[in-house]
Every structure is written in C-alpha cells, then in structure tokens.
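Per-entry structural report
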Amino acid sequence: MSSFPPNSLLRQWSGPMTTELVRTPGDFGLGQVPARLKPETVTTTVCGFCSTGCGLKVHLRDGAAVNLTADPNYPVNLGMACPKGWEALTPLAAPDRATTPLLRHPVTGALEPVSWTRAMNEFVTRLKGIQERHGAHSVACLSTGQICTEEMAFAGALFKFGMGARHSDSNTRQCMATAHVAYKQSFGFDAPPYTYADFEESDCLVFIGANPCIAHPILWQRVLRNPHQPELIVLDPRRTETAVNATLHLPLAPKSDLTLLYGLAQALIARGAVDRQFVDAHTSGFADFAQFVAEFTPERACAAAQLARADFDHCVELIATRKRVSFWWTMGVNQGHESTRTAQAIINLALLTGNIGRPGTGANSITGQCNAMGSRLFANATSLLGGRDFAKSEHRETVARLLNLPTERIPEQNSWAYDQIVDGIESGAIRGLWIIATNSSHSWIHQDRFNELVKKLDFLVVQDLYHTTETAQRADLILPAAGWGEKEGTFINSERRIGVVKKVCRAPGEALSDFNIFKLVAAAWGCSEEFREWASPEAVFQILKRLSAGQPCDFTGIRDYRHLDAAGGIQWPYAEGGDAPTEALTAGPSDSPLPTAHLRERRLFADGQFYTPDRCARFLFEQPRSVAEPTDAEFPFVLLTGRGTSAQWHTNTRTGKSAILRKLYPAECYVEIHPADALRLGIAPHTQITVSSRRANLTATAFVTPTVRPGQLFIPMHYDAVNRLTCASFDPHSRQPSYKHCAVNVLPAVTGGASPLGKRLF
Ligand SMILES: Nc1nc2c(c(=O)[nH]1)N[C@H]1C(S)=C(S)[C@@H](COP(=O)(O)OP(=O)(O)OC[C@H]3O[C@@H](n4cnc5c(=O)[nH]c(N)nc54)[C@H](O)[C@@H]3O)O[C@H]1N2
Ligand SMILES: Nc1nc2c(c(=O)[nH]1)N[C@H]1C(S)=C(S)[C@@H](COP(=O)(O)OP(=O)(O)OC[C@H]3O[C@@H](n4cnc5c(=O)[nH]c(N)nc54)[C@H](O)[C@@H]3O)O[C@H]1N2
Ligand code: SF4
Ligand SMILES: [Mo]
C-alpha cells in the first residue's frame, strides 16, 4: 500500500470538466481541436435510464450543466424524451449522495466517513483475507447494466484477471439473460437484429410481454409515426396502456405464452404460411419443429391461454397475410420459468414466416437498462469479453493476447449465475461480495431470503451514488460513485447503437467515477501494472475495439468518441473499412418516405447468414412445463409485477429524487385488483389491503380496475416490498428469475382505513 497515492490520483481524476468534450458542429471530423468553452454552450449526450438511448442536449453555463432538452438530430428519439430523460440531472443533486467512502464501525455498527486511502486499505485487506482463508473464488461480484461499457469491462477484467476471482454476474441476469441465451442458441450470437426504423416500417407489430407505452415511451412514439396503418397485436395478461392502443389484444393467461406461440406456429404451418424458400435456405430443424408443434392445436392453445378462438384465428390471419411482421418482446417473456424457449418460440415464428432481415420485420428483444447490451458483450461476467466463451481455450488465448496477459489469468470456467452466487452465500462458499450499481436488497427475487443471507457475509462492499439504498444500508463499506452526467464513456442501446455519454457535472464531495474507483482498486490490489493501458475511458474504448475485431459485434470502424458523436451514434457491426454509417445501409428496399435519420440505420441478417457454424438459424423447442408455484385454495391469485409509470425507474433511488417525477406516480405501494374480486372480497377502492404469499405479506392501497383479470393482481416493482412476495424460480437455460408469476392471497388489511395519502390515487 505504500506506493499507493490516492490523493494525487484523486486530484488528477476529479477534473477536467466537460470542456474537452464540448464541440461546435464545425469541429466534427475537422481535426481534433476542442472548441473553447463559451459562457453558455451546448453539448450532446445519451440518456442514462432506459435502453432506448435517447440523445439529449445538455445546456451548460460556465462548463456545468444547467438544463437539458431532447436532441432533434439524434436518430433514436428525433427530438423526443420521456419524463425521466427530461429530469435526468435532478437526481444528481440529491442530498443523500454518498460523498465520501463510508465504513461500518465495528463497535457502534454505524457507517462512518473515511478517506479513500482507508477505504481501499479495508477493501484490499478484507477481501484478500477472505480469499486467503476460503480460496480465490470466495469473493463474488454483482454488477450492472447501468454503467459505461468501458467501466463494466474494467470491472470484469479487474475482478477476474486482476483479483483472481471467478464468480461475477449482474442485474442483466434479472433482465436480459433470456434474450441473450435465446439469441445465442438460435442465431449463434447474442444479436438483436433490428433497427428502430423497423417500428415505422412494419405493417404488423406483435408485442409480447412488453408495455412500451410505459417502459419504452420513445420507442412507442416511433410506433405512432408508422405511416402504414399497422396492425398492433399485444399479448399481455393485463390491459396495459399499450394493449388499450392495440388493434388486437390477446389477454392470455399468465405464463401460457409457450403453448400459445406453439399453437400459432402450428396454425401458420397448417394454413401454408411458411416461407419455404427462406426456411430451406437459411434455417435448420424446421421439419422436427413442424412435427413437434403438430399437437399444439388451436383448441389446445386457446384452452391454455384462455383466449377466444376468434381472436386466435384473427392473430394467425394477420401474421400470415401481412408483408412485414415484426415481433417485439420484453420482460413478460424474459422473466418466466420457461423463458428461453418462449423467446425462441417467438424467433421460430419470425423464421418460419420469413419475417427477418427485411425492413419492418424481426424477432426483436427490446433491452431494458441503458447499457444492458454493453454488459451482455463486455462485462466479462458470464461471457468472456466481446461475446466470447470462458470455456473455449481459443477464446481465452485470443483475449489474453489482445490484453497482453498470461492466458492462465483467464478463468477456464464460467461464472456462477446470480442465483448461484446467492446460494453460495448460504452454503458458505461466498464470503465477500462487491455490489456495483444495483440495488439487490430491493430488486432480487424472494427479497427476505437475500437480505437474511447478506448478513452471513464477512464483508459486503456497495458502490452506489447514494448511501441510502436498501443495499447500501447493509454494506460494511460504501464506495461513493459518480453518476451518469458526471463521467464519460459509451452505452450500447437496444438497436446495437453505441453512443457517447459525457461529463457535464462534477460529482459531489469525493465521489469518483466507477472507472476511477476501479483504477484505485487496481492500484491498491497491486495489479495496476496489468491495467496500465486502461488509463482512461477513451483508452479502454480502443481496447474494446480490439476485442470486437472479427466478432459479430466488430466495431473497429469507429475511430473514437468524436466520431461517434458526429455520426449520432453508430450501430454494430461496423468493421474497419466497412461502409460509412452516414451512407444508406438499410437492407432491402423500402417504400416509405424516410427522414435522413433512416440513412444512419442498419439491421442484421439481410443476407440470411446467421452466426452459427452452418450459417443457418435454428428452430429450438421444448415441451411446456408448469409454473413453480401454481395457485391453490390458500393462495388463489397470480401476482404480476412490472413497471408502473414512465416516471419511475426500478428501485426508485434516482427517480424518487425528483419532485416533478414524484408528482407523476403514487407515493405509496398500490395493487391493481379486478372489480369483481374486490366486490367479492369486500374491498373498497383506495382502502388498504394485505397481499400475502408463502414468503411474506405486504400492505398496499387497492386500485380497483379491470386492467387485470379476475384472479390476478399487479404490483409495480418500484415499491420495495414487492419482492418480499415473489417466488425464487428460474428458467433452466438462462437462470433469469421468474418475477412475473407467484401465488398470493388478498384480504382487506386488518388496520383498514383510507389511503395513507388521504386522497384518491387515480
Ligand atoms: N419507466 C420505466 N421504464 C423502464 C424501466 C423502469 O423501471 N421504468 N425499466 C427498464 C428495464 S431494465 C426493463 S427490463 C424494461 C421492461 O419493460 P417491459 O417488459 O415492457 O415492462 P414490464 O412492466 O416489466 O413487463 C411488461 C409486461 O409483461 C406483462 N406480463 C406479465 N406476465 C406475463 C406473461 O406471462 N406473458 C406475457 N405475454 N406478458 C406478461 C406485464 O403485464 C407487463 O405489462 O423497461 C425499461 N424501461
Ligand atoms: N418484482 C420484480 N422485480 C424486478 C423486476 C420486475 O419486473 N419485477 N425487474 C427486474 C429488472 S428487469 C431489473 S433490470 C432489475 C433492476 O434492479 P436494480 O438494478 O437493483 O435497480 P436500480 O434501481 O436501477 O438500481 C441501480 C442502482 O445503481 C445506482 N447507480 C445508478 N447509476 C450508477 C452509477 O453510474 N454508478 C454506480 N456505482 N451506481 C449507480 C442507483 O443509485 C441504484 O441504487 O430489477 C429486477 N427486479
Ligand atoms: S425513453 Fe429511455 S432513453 Fe429516452 S428519455 Fe426516456 S428513459 Fe431516457
Ligand atoms: Mo431490466
């Protein structure tokens, strides 16, 4: 530790501000000279909440952000932003920001401010001590899809190649693991094929377990710009905001998707809607699939999904007859007990009808967090850097060569998944845990068990913007992080677009960017020599380019941040020597009049060549299975959970800090319950009710509404008690938690009374 000079590093790293990143349009591509900072000027950045990745203009005074507006020139959002985007600067100024490291006092148990030197000293001594006593893999890491790609790559490389540990996963497991595995198995690589122009080019959009009106409002705006009078089919048990706008809403029974989708495939095959030419040339396994789905008759599908036969037939008719059908799925699919096969059942529909690779088509998973796509490719958690495989020796050798590291530094086995890490705490295999930019104590499934288990840890480090999160409050050491807007790097959005985020504010107190925290850790751990090249986010971007070379996600054609900025972000793949992103890259003909933004778009598989060894996409399927916790007499309701409003973000640590956003959603937890159930149980609107599962119960306000069907309840995930109820069950292939199904009961609360707000919620 003696050679470790945090204070000088701190001084060096806390600046400079955004000056070198503020440019006038004349700068772009014309040399590298930064514009002089004017008293009032504007820079661009990408939003740090959802995976839409909207472009924002940040208005600066004296180099610091004073306001922001939606960027009309960014090809993603075309001048629009949702409430979270407009309010993105507010959470940075919250009074509960962590401004110094905080260490739990061994006697009083209080979290007390300490210097970075002390914090790093504790970090290293405690975690190294655990490794010495219990082995290198007894320390685990849970990270995130919400920091920059350069930061997550640094975290993953440092943790595995520097600290010698193996088990790291992230909140992307809760979110995108299913899409990741489904694509990898079906297409040979984790590659969402679409571009956002497809929302406007489709003549039939099928949304499955997705509520973009709330969760991806700007993508929904893109749907509304569609000039083709498209059919909008929504498969969601709830009559969501999106379902209300559908031309056909199929309110399927929760978790009946797989049977229904197989039934749709059977019916499409039976009516001759198969694109034989495409299937023969570009897919494998169709004959087996057709045989497998033969038993999924319309009667069986409708019975399982509790749908009217006429609606089923109408859906088949639309998919069969429309020319450009696109399938979009999100958490209603990914968060299920058989989610990987369900996602692949969607992929199968696109393949068999030849709806892929053309404008307005595709089997399209919409991503969740701002950089979930970055974490899928570069977090070095469950996949080796660049979408590679830890278990393949040639992949390990390539990465070792590119990083100038001995191959032995790279673990030969994959990490445990999130749930296995949690089980590892229970068994005593995991003794130290480093949690970065995720609030597990609120968001993990069967929360009470998680929160009991973390008490068993010898050392828990939490790296967050706020010291008040449910997880930070349980930490032994809190590392104060700079947030979006206070650091630079890149994000990759849902359509594979790499965009630049910039430092437009100074982080409060001694908070450091995650990137600089990893630098401090590397120095304190004694492995900074191995990470000498990882000097700045932009230096790491060059390393990432190298790691992408020759992979499907190759982006070696991007020069640097400046290039990305000038181009309005660039979608991968964009290999060196490839077409310039400002040229027309849309595959296939299009008859729609398009804005210039369209010229900056690209989709995959126009040539029908997939990333599997035989270049064919695979039909993958499996018999449906029953849910982990079916309803019964004691717990007769299905609990659904998900996003509540466009103004709430996950565990609300950020959105809860904005007075404007707080006006846009109910302060207290509420439960959607059908009027027939409310009447039967004597539950009056806006009174308190108790919802109980086998694990816990919570009290919330009854929102009596026919959005849910009888026998179903819905509670938004943003209220912390929700995951006290959920049942820890997982898809066997992706190990993603099944957040959207557990058995519960509901009763008027013992205490009764009106809403704690004393007013109507809606
Ligand atoms: N405002 C806001 N936006 C967000 C987020 C946020 O927290 N707040 N989070 C972001 C993230 S990380 C993600 S992953 C996305 C999530 O985006 P979405 O997946 O669109 O949002 P959810 O509400 O979780 O789930 C979507 C729908 O799945 C339905 N569903 C439940 N069970 C089933 C089922 O068995 N089958 C089918 N077909 N549908 C079912 C639910 O009723 C719900 O309407 O949103 C992103 N955007
Ligand atoms: N019941 C139920 N549970 C769910 C879901 C559901 O639908 N239903 N959805 C799941 C899904 S899809 C997701 S993605 C997860 C999300 O679950 P979480 O990841 O736990 O949710 P967030 O509130 O986004 O937590 C991010 C944390 O990182 C901090 N943070 C933000 N930016 C930075 C940064 O730059 N650096 C650092 N160090 N910290 C930062 C924030 O303050 C916050 O504490 O929840 C899952 N849980
Ligand atoms: S839609 Fe997503 S990316 Fe766009 S402004 Fe809203 S939160 Fe930000
Ligand atoms: Mo997510």
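Residue numbering note: each chain is counted from 1, following its sequence as written. Think of it this way: whatever chain is written first is A, whatever ligand is written first is 1, and the rest follow in order. Local features are withheld for residues below a pLDDT of 70 in this predicted model, meaning they are given only at 70 or higher, and side-chain atom pairs are given and counted only at 80 or more; totals for whole chains, interfaces and linings count all residues. Each side-chain value is worked out from all heavy atoms of the structure, with water and hydrogens disregarded.

**Quick word on the site of ligand 2**
To keep things clear, this is the line we draw: What makes a residue near a molecule or strand is one non-hydrogen atom of that residue sitting within 4 Å of it. In protein, a polar contact means a hydrogen-donor-capable atom and an acceptor-capable atom, both N or O and within 3.5 Å, with residues adjacent in sequence counting only if both atoms are side-chain atoms; elsewhere, any N or O pair within 3.5 Å suffices. Residue exposure ignores everything except the shown protein chains as possible cover, and the areas themselves are Shrake-Rupley values with a 1.4 Å probe. Helix and strand definitions here come from DSSP, where helices need a minimum of 4 consecutive H or I residues and strands a minimum of 2 consecutive E residues; each element is numbered from the N-terminal end. Three residue categories are used. Nonpolar comprises Ala, Val, Leu, Ile, Met, Phe, Trp, Tyr, Cys and Pro, charged comprises Asp, Glu, Lys and Arg, and polar comprises the others, including Gly.
The environment of ligand 2 is made up of 35 residues, and the closest members are N171, S443, D464, D514 and T651. In the environment of ligand 2, an oxygen atom lies 3.3 Å from a nitrogen or oxygen atom belonging to the backbone of A437. Taking K487, its side chain carries an N or O atom lying 2.8 Å from an oxygen atom of ligand 2. Against a free-state accessible area of 920 Å², the protein chains account for coverage of 99% of ligand 2. Of all elements in the fold, only β15 (459-464), β21 (637-642) and α27 (722-725) reach the threshold of two or more residues within the shell around ligand 2. Residue classes in the shell around ligand 2 are distributed as 12 nonpolar, 17 polar and 6 charged.

**Things to note about the site of ligand 1**
Neighbouring residues of ligand 1: 33 residues in total, closest A215, D236, K255, D257 and Q648. Here a nitrogen atom of ligand 1 and a backbone polar atom of Q648 are 2.6 Å apart. Residue H650 places a main-chain N or O atom 2.9 Å away from an oxygen atom belonging to ligand 1. With the chains in place, 100% of the 910 Å² that ligand 1 exposes on its own is no longer accessible. At the level of elements, α7 (212-215), α15 (331-334) and β21 are the ones that each hand at least two residues to the shell around ligand 1. Residue composition of the shell around ligand 1, grouped by class: 12 nonpolar, 14 polar and 7 charged.

**Regarding the packing of helix α10 (residues 257-270) against helix α12 (residues 286-293)**
How we decide: As a rule, the C-alpha atoms of each element are fitted with a line to give its axis, helices using only the stretch in contact, and angles between N-to-C directions run from 0 to 180 degrees. Any angle from 65 to 115 degrees is called roughly perpendicular, while one under 35 is roughly parallel, one over 145 is roughly antiparallel, and all others are oblique. Any two residues whose heavy atoms approach within 4.5 Å at even a single point are treated as in contact.
Between α10 and α12, the shortest axis-to-axis distance is 9 Å and the interhelical angle comes to 110°. Classified by the interaxial angle, the pair formed by α10 and α12 is roughly perpendicular. Where α10 abuts α12, its residues Y262, A265, Q266 and I269 lie against F286, F289, A290, F292 and V293. Its residues assigned to classes, the contact of α10 with α12 comprises 8 nonpolar, 1 polar and no charged.

**Looking at the sheet that holds strand β6 (residues 139-143)**
Put simply, the test is: Pairs of strands are assigned from DSSP output, requiring at least two bridges between the strands.
Strand order in the open sheet formed by 7 strands is β5-β4-β16-β15-β14-β6-β7, and the pairing between neighbours is mixed. Strands with a single pairing partner mark the edges of an open sheet, and in this sheet they are β5 (111-113) and β7 (168-170). The mean angle between the axes of side-by-side strands here comes to 20°, regardless of whether they run parallel or antiparallel. Of the strand pairs in this sheet, β6 and strand β14 (residues 432-436) are connected by 4 bridges, and their pairing is parallel. Bridge pairing in β14 places C141 opposite W434. Together, β14, β15 and β16 (477-480) form the strand contacts of helix α22 (residues 514-525), whose direction differs from that of β14 by roughly 150°.

**A closer look at the pairing of strand β2 (residues 55-61)**
In this sheet, strand β3 (residues 64-70) lies alongside β2 in antiparallel orientation, the contact comprising 6 bridges. The residue bridging H59 from the neighbouring strand is N67, located in β3. Hairpin geometry of β2 and β3 is characterised by an intervening segment of 2 residues between the two adjacent antiparallel strands and by a positive phi of about 50° at D62.

**Digging into helix α14 (residues 309-321)**
Inclusion rule: To estimate the expected span of a helix, count its residues, drop one, and scale the result by 1.5 Å.
A rise of 1.5 Å per residue sets the reference length of α14, with its 13 residues, at 18 Å; its end C-alpha atoms lie 18 Å apart and thus fit the reference within 8%. At its buried positions, α14 is contacted by β8 (204-208), β9 (231-235), β10 (248-250), α10, α13 (298-305) and β12 (325-329).

**Concerning the pattern of salt bridges**
Put simply, the rule reads: The term salt bridge refers to a pairing of a side-chain nitrogen on Lys or Arg with a carboxyl oxygen on Asp or Glu at a separation within 4 Å. Whether a residue is buried, partly exposed or exposed follows from its accessible area with a 1.4 Å probe, protein chains only, as a fraction of its type maximum: under 20%, in between, or over 50%, in that order.
Enumeration according to the criterion identifies 36 salt bridges in this entry. In this structure, E122 engages R126 in a salt bridge whose closest nitrogen and oxygen atoms are separated by 3.5 Å. In this pair, E122 and R126 both sit in helix α3 (residues 116-134), 4 residues apart, roughly one turn of the helix. For E122, a relative accessible area of 17% gives the class buried. Where R324 meets E201, a salt bridge forms, and the shortest distance between an N and an O atom there is 3.6 Å. With R324 in the loop between α14 and β12 and E201 in helix α6 (residues 197-201), this pair connects stretches of sequence that are 123 residues apart. Its relative accessible area of 0% is what places E201 among the buried residues. Residues joined in a network through salt bridges with shared partners are E200, R222, R225 and E601.

**Overview of the domain arrangement of the protein**
Quick reminder of the rule: These domain boundaries are the output of an automatic or database domain assignment. Joining two parts hides part of their accessible area as seen by a 1.4 Å probe, and the buried area is that hidden amount summed over both.
Domain boundaries assigned for the protein yield domain 1 (8-93), domain 2 (193-366) and domain 3 (637-761). Contact with domain 3 buries surface across domain 1, with F49, K84 and E87 losing the most and accounting together for 55% of the total. For the interface between domain 1 and domain 3, the tally reads 3 residue pairs in polar contact (both at pLDDT 80 or more).

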